[in-house]
Amino acid sequence: MIVVPKILVFAGSVRTGAYSGKTADAAQKELAIQGAEVTRISLADYPLPIMDQDLEQERGIPENAFKLARLIAAHDAVLICTPEYNGSMPPLLKNTIDWVSRIHRDNGKPLNPYPGKVVGICSSSDGHFAGIRSANHLRAVLSHIQMEVIAPQVSVPHGADAFAEDGSFKEERLRKGMTRLCRTLIEHARMLSTRAEN
C-alpha cells in the first residue's frame, strides 16, 4: 500500500483570479495538511490545439498531451477543479481530457493514464448552483474513460464571496466538505494506486 500518496491538482480555468483556481489552491493546502505529496499545475503551461483527428494524423499527438499523460500516470490520484461555462465544463478542460485520451503508447511502451486512476472533483461558479452541472458532466466523462471517481465533491457557490483573504473558505460547510473530499481521495489513492514507476 502507498504510504505517502502523490496527488496531481489542477483547475479547468487559467483565468487570473478564477474561482476554480482558488478552489484548487484550497485543495492543495488541505491535501498537504493530510499528508499527501501534492503537485499543483496550471493548464496554461500545457497549451494544446483544439482536438482534431486530421491534425493528429498529420502531426501526431502534441508533446504537451504526452507531458500531461506522464504526469497523471506518475501520480496516485488526480483532483480537478472545474468552473462552469453555459451549464457545462469549459472547453479548455474537455479539450485537455480528449487529447490525453488519445495516448496509448509512449516511446514504444504502454501508457494509459486514465483507466483505474483515482480522481476527485470540485466545482465553482459565481451563482447559487456552484457549478453542479459542470461537475455532473465532468463526472460522466471521467467515468466513461474508466477513471475511479470518488463520491465526495466540493461545489463552491458565489465564488466572488466564498474565499477569505488567506485563501480559505469562509463557510464552515465548505471547509468540512474539502476535508472530507481530501481524506477520501487520499484513502482511495493509497488503496487503488496505479502509479507508473519511474
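What you are looking at is a predicted structure, and each value in this text was computed from that prediction instead of being measured.

(A) Highlighting the packing of aromatic side chains. Evaluated as defined, the whole model comprises one aromatic pair. Lying over the aromatic face of Tyr 19, Arg 15 brings its terminal NZ or CZ to 5.4 Å of the ring centre.

(B) Examining the pairing of strand β7 (residues 148–156) more closely. Of the pairings in the sheet, the one linking strand β6 (residues 118–124) to β7 comprises six bridges and is parallel in character. In the sheet register, Cys 122 faces β7, and the bridge partner there is Val 154. Following the backbone out of β6, through helix α5 (residues 132–144) and into the adjacent parallel β7, one traces a crossover that is right-handed.

(C) Broad picture of α5. Between its terminal C-alpha atoms α5 stretches 18 Å, which fits the 18 Å expected from 13 residues at 1.5 Å a residue. Buried residues of α5: Ser 134, Ala 135, Leu 138, Arg 139, Val 141 and Leu 142, and no others. Projection of α5 onto a plane perpendicular to its axis shows the buried side chains occupying an angular sector of 165 degrees, all on one side.

(D) Geometry of the pattern of salt bridges. With the rule as written, the count across this model stands at ten salt bridges. The partner of Lys 94 in a salt bridge is Asp 98, with the nearest N and O atoms 2.9 Å apart. Of this pair, Lys 94 and Asp 98 both sit in helix α4 (residues 91–101), four residues apart, which is roughly one turn of that helix. The partly exposed category is assigned to Lys 94, whose relative accessible area is 30%. Because the salt bridges share partners, they merge into one network encompassing Glu 63, Arg 70 and Asp 106.

(E) Summary view of the state of the cysteines. What the rule picks out here adds up to zero disulfides. Summary of cysteine pairing: Cys 122 is not part of a disulfide, and the nearest cysteine sulfur, belonging to Cys 81, is at 4.1 Å. Cys 182 takes part in no disulfide bond, and the closest cysteine sulfur to it belongs to Cys 122, at a distance of 7.1 Å. In this structure Cys 182 comes out as buried when scored by relative accessible area, which is 0%.

(F) Inspection of the pairing of β6 at higher detail. For β6, the buried fraction is high: seven of the seven residues fall into the buried class. Side chains Val 118, Gly 120, Cys 122 and Ser 124 of β6 all project onto a buried face; the interleaved residues Val 119, Ile 121 and Ser 123 project onto the opposite face, where all are buried too. Of the strand pairs in this sheet, strand β3 (residues 77–82) and β6 are connected by six bridges, and their pairing is parallel. Directly across from Leu 79, in β6, lies its bridge partner Gly 120.

Conventions we followed
- Residues numbered from 1 in each chain as written.
- Predicted model: local features only at pLDDT ≥ 70, side-chain atom pairs only at ≥ 80, totals over all residues.
- Heavy atoms only, no water.
- Phe/Tyr/Trp six-rings, centres within 6.5 Å; stacked < 30°, edge-to-face > 60°.
- Lys NZ or Arg CZ within 6 Å of the ring centre and 35° of its normal.
- Pairing = 2+ DSSP bridges.
- Helix = DSSP H or I, 4+ residues; strand = E, 2+ residues; numbered from the N terminus.
- Right-handed = clockwise from strand over helix to strand, strands pointing away.
- Expected span 1.5 Å × (residues − 1).
- Buried < 20%, exposed > 50% of the residue type's maximum accessible area, 1.4 Å probe, protein only.
- Arc of directions from axis to C-beta.
- Salt bridge = Lys/Arg side-chain N within 4 Å of Asp/Glu carboxyl O.
- Disulfide = S-S within 2.5 Å.

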